[in-house]
Amino acid sequence: VQHFFDGFRTSHEVNKVKLIDYETMKDLIDWEAVKIHHGLALNPRHPHMQGQSQGPDIFFQCVEAGNSFYDNLADAFEAKAKLVEEKTGHSFALYAYDGHPEATHIIVVMGSAAVTCSETAAHLVEQSGQRVGVLKVRLFRPWDRQRFLAALPSTATRLCVLDRTKEPGSQGEPLLTEVAATLHFAARHEVICVGGRYGLGSKEFTPNMVVACFQNLFQETPRPRFTVGITDDVTHLSLPVGDWLDVLPKGTTECMFYGLGSDGTVGANKSAVKLIALNTDLYAQAYFEYDAKKSGGVTISHLRFGPRPIRAPYNVRSTDYLAIHKESYVQQYDMTRYLKPGGVCVINCTWSGQELAARLPARMRRDLAQRRARLFIINATKIAVQAGLGKRINMIMQSVFFKLSGVMPYEAALELLKGSIKKMYGKKGEKVVQMNIDGVNASLAGIVECPVPSAWADLDVDGGNGAAAAAAAELNEAGASATAAAAAVFAREIQQPCNSLDGNDLPVSTFQAGGRVPLGTSQYEKRGIAISVPRVDMDKCTQCNKCSLICPHAAVRPFLLSQQELDAAPAAFREGSRAAIGGGVLDNYHYRVQVAPLDCTGCELCVRICPADALKLEGAAQVVEAE
């Protein structure tokens, strides 16, 4: 039996669901059949042999002997589905149709995309009366031609079949070929059938992409094969996708949290979703994006809350509440691109309200003003340190979320949050529990609302996030070797947009077939994620190089310089250099340990291993400015 699996996006979504209790499940199982199945296993008490080598004289016949099992499988599934409906009230059809009762234009799809298509079709039917629908395939192998045709409205004239896979060189992907063959065998030649690919590699599939598929069907001559969700400027198969379409139930609140991997943001958001879902009548949904670096990388939490069930297996793209848990993100990413008009934006930062005009990029300030957003700042890192929590700002920012989002009454949320802290950290001792509660209690006083000047709405925007990195790549490209030049081009055209979370906008022509990438590109990635970075006191340094050896990101770099190289170095570098220790040839060199603050992650390993206590942590912002 073969079905369809969407991968990480489906398996790791958190949602409020109604479970079937075990007693009911027990009644649904044919225990005698289970016993027979177990009896078929290899067992030394009643041995048998299977899977032996078979020659061409009998292999074909043995394979065909199993046909009846597959022929009857759909009947068995349907019988069990009827039993489930009798016991639970939940209907489950192998091929289910949703949409206009007399639909003419229908999407055929499997997996979680069927939910997105179904919600979008319902919206189009309700808002504009379009005769559209969705046929959801829940049994792919064995394919049941009769049940598929029975579920397909007789009024259907055009079908769009969507596959989340690619078979290079084929006339169509697997689901398309099954549907086309079914129409052929049923002599439904009047039905136009087209096919497209979507969501490869877990790429998003959203309501506006569903609309693009329907719009293609409505064309006089629809594209027979297409892609949706990308810009294909090579083979020109991609469909144009329009503006964002909100098909969520009214009253749904959407939230986005930008955190740093290992700062506790994801764990705290999972707790918040469970608190709200289990202790209120609200429905809740959550999904969490991670980059490849996990700890130390960017994390994006997508949360939704509302009075009605939330069927949206795609990320938040129009947020009511935006939390930025790392101040360097405002320069690295376009933080406000998904902020709704009138939304709330909260930044964890060390800045005062007066510094925001100088610290926030022009694009962000313009968006905040044009969307009449409410802007808040809080130094959650300082509160966490004072409470003894170190870098863990998760509970502090959760308290801020409950205060500013309005998802539920703050006083009730605060009690639930403190209860979850006791449950989560109780095994670590009362001291750890109290530290977290102290951080939560102090968070309210740390929130500062900052007025957004109306003049920001008229700011000119140029450059954009990552412009400095792109400029550096262009500079290095000039006069470089072929390998270095290729790395610089890759950094400018692919790496920088991906690091700025703009990779979805890159067209097909940007990439080389086969996926080859040049070497030496990590030099262009300057994340700047550390809160504190080390400064070296060269008068104490013993030149043991242990700090460089233990640094996991090669951010602590020792240098040996000749007198000529030292004379050409900047003045600050010369002042920090000392005569090299070791004798012999080293007597002609100077030594210096240099820390790259934008590459440092603030792990403190170098500080701990230094035998001479020559490294001290300082605020990253001050070090970057000095460097």
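A quick note: this is a predicted structure, and the numbers were derived from the prediction, not measured.

Asker: With reference to specific residues and values, describe the overall build of the chain.
Answerer: In terms of regular secondary structure, the chain is built from 25 helices and 19 strands. Each principal axis of the C-alpha distribution contributes one length, and for the chain these read about 85 × 65 × 65 Å. Classification of the 627 residues of the chain by burial places 44% in the buried group. Pairs at least 24 apart in sequence give 75% of the contacts found in the chain among residues at least 6 apart. Approximately 33,100 Å² of the chain is accessible, and the part contributed by carbon and sulfur atoms is 54%. The distance from the centre of the 65 positive side-chain charges to the centre of the 66 negative ones in the chain is 4 Å.

Asker: Before we move on, can you summarise the environment of Y329 with the specific residues and values?
Answerer: Inspection of the secondary structure assignment puts Y329 in helix α12 (residues 329-332). Distance from Y329 to R138, taken between C-alpha atoms, is 42 Å for residues 191 residues apart in sequence.

Asker: Explain helix α11 (residues 265-279) to me, and be specific about the residues and the numbers.
Answerer: Between its terminal C-alpha atoms α11 stretches 21 Å, which fits the 21 Å expected from 15 residues at 1.5 Å a residue. By the burial criterion, the buried members of α11 are T265, V266, A268, N269, S271, A272, V273, L275, I276 and A277. The elements touched by buried residues of α11 are β1 (14-15), β8 (253-260), β9 (283-290), β10 (298-306), α16 (394-405) and α17 (410-425).

Asker: Explain the nonpolar core to me, and be specific about the residues and the numbers.
Answerer: Residues F305, Y321, V346, F401 and F402 are the most contacted members of the largest nonpolar core, which totals 45 residues. Ranked by residues supplied to this core, first place goes to α16 with 7 residues. Ignoring any residue separated from it by four or fewer positions in sequence, one finds F401 in contact with C255, F257, I276, F305, Y321 and V407. In this structure, A212, F214, F226 and A312 belong to the second largest nonpolar core, which totals 30 residues.

Asker: Can you explain the packing of helix α7 (residues 113-128) against helix α10 (residues 207-218)? Please cite residues and give values.
Answerer: Between two packed helices, what matters for the description is the angle formed by their axes and the separation of those axes. Where α7 contacts α10, the two axes come as close as 9 Å, and the packing angle between them is 70 degrees. In terms of axis orientation, α7 runs roughly perpendicular to α10. Note that α7 runs across α10; the crossing there is right-handed. Contact residues: T116, C117, T120, A121 and L124 in α7; P207, V210, V211 and F214 in α10. Here the contact of α7 with α10 is composed, by residue class, of 7 nonpolar, 2 polar and no charged.

Asker: Explain the sheet that holds strand β16 (residues 556-561) to me, using residue names and the numbers behind them.
Answerer: Read across the open sheet, the 3 strands follow the order β16-β18-β17; overall the sheet is antiparallel. At either end of the open sheet lies a strand with only one pairing partner, and these are β16 and β17 (578-579). Here β16 runs beside strand β18 (residues 590-595); their pairing, made up of 6 bridges, is antiparallel. Across the sheet, residue R557 finds its bridge partner in β18, namely Q594.

Asker: Provide a residue-level description of the pattern of salt bridges, including the pertinent values.
Answerer: Enumeration according to the criterion identifies 22 salt bridges in this entry. Where E254 meets R304, a salt bridge forms, and the shortest distance between an N and an O atom there is 2.9 Å. Highlighted residues: E254 in strand β8 and R304 in strand β10, separated in sequence by 50 residues. With a relative accessible area of 1%, R304 lands in the buried category. Between E254 and K340 there is a salt bridge; the shortest N-O distance is 3.8 Å. Here K340 lies in strand β12 (residues 339-348) and E254 lies in strand β8, a separation of 86 residues in the sequence. By relative accessible area, E254 is classed as buried at 2%.

Asker: Explain the packing of aromatic side chains to me, and be specific about the residues and the numbers.
Answerer: As enumerated under the stated definition, the model contains 13 aromatic pairs in all. Judged by centre distance (5.8 Å) and plane angle (70 degrees), the ring pair of W244 and Y314 falls under edge-to-face. Here W244, found in the loop between β7 (225-228) and β8, pairs with Y314, found in the loop between β10 and β11 (319-324); they are 70 residues apart in sequence, far enough to count as distant. Taking the relative accessible area as the measure of exposure, W244 reaches 31% and is therefore partly exposed.

Asker: How would you summarise the side chain of S301 if you had to cite specific residues and measurements?
Answerer: Following the sequence through the fold, S301 ends up in strand β10. In this structure the side chain of S301 is engaged in a polar contact, spanning 2.9 Å, whose partner is the side chain of N269.

Asker: Quick rundown of the environment of A277? Include the residues and the values.
Answerer: Within the fold, A277 resides in helix α11. In this structure A277 comes out as buried when scored by relative accessible area, which is 11%. Sequence separation between A277 and V17 is 260 residues, and the spatial gap between their C-alpha atoms is 9.6 Å. Apart from residues no more than four positions distant in its own chain, A277 is found in contact with K16, L282 and A284.

Cut-off values and rules
- Residues numbered from 1 in each chain as written.
- Predicted model: local features only at pLDDT ≥ 70, side-chain atom pairs only at ≥ 80, totals over all residues.
- Heavy atoms only, no water.
- Helix = DSSP H or I, 4+ residues; strand = E, 2+ residues; numbered from the N terminus.
- Buried < 20%, exposed > 50% of the residue type's maximum accessible area, 1.4 Å probe, protein only.
- Contact = heavy atoms within 4.5 Å.
- Areas by Shrake-Rupley, 256 points an atom, 1.4 Å probe, with all protein chains shown as cover.
- Lys, Arg positive; Asp, Glu negative; His and termini not counted.
- Charge placed at Lys NZ, Arg CZ, Asp CG, Glu CD.
- Expected span 1.5 Å × (residues − 1).
- Core = buried A, V, L, I, M, F, W, Y, C linked by side-chain atoms within 4.5 Å.
- Axes fitted to C-alpha atoms, helices over the stretch in contact; angles between N-to-C directions.
- Parallel < 35°, antiparallel > 145°, perpendicular 65-115°, else oblique.
- Left-handed = near helix turned anticlockwise from the far one by under 90°.
- Nonpolar A, V, L, I, M, F, W, Y, C, P; charged D, E, K, R; others polar.
- Pairing = 2+ DSSP bridges.
- Salt bridge = Lys/Arg side-chain N within 4 Å of Asp/Glu carboxyl O.
- Phe/Tyr/Trp six-rings, centres within 6.5 Å; stacked < 30°, edge-to-face > 60°.
- Polar contact = N/O pair within 3.5 Å; in protein donor to acceptor, adjacent residues only side chain to side chain.

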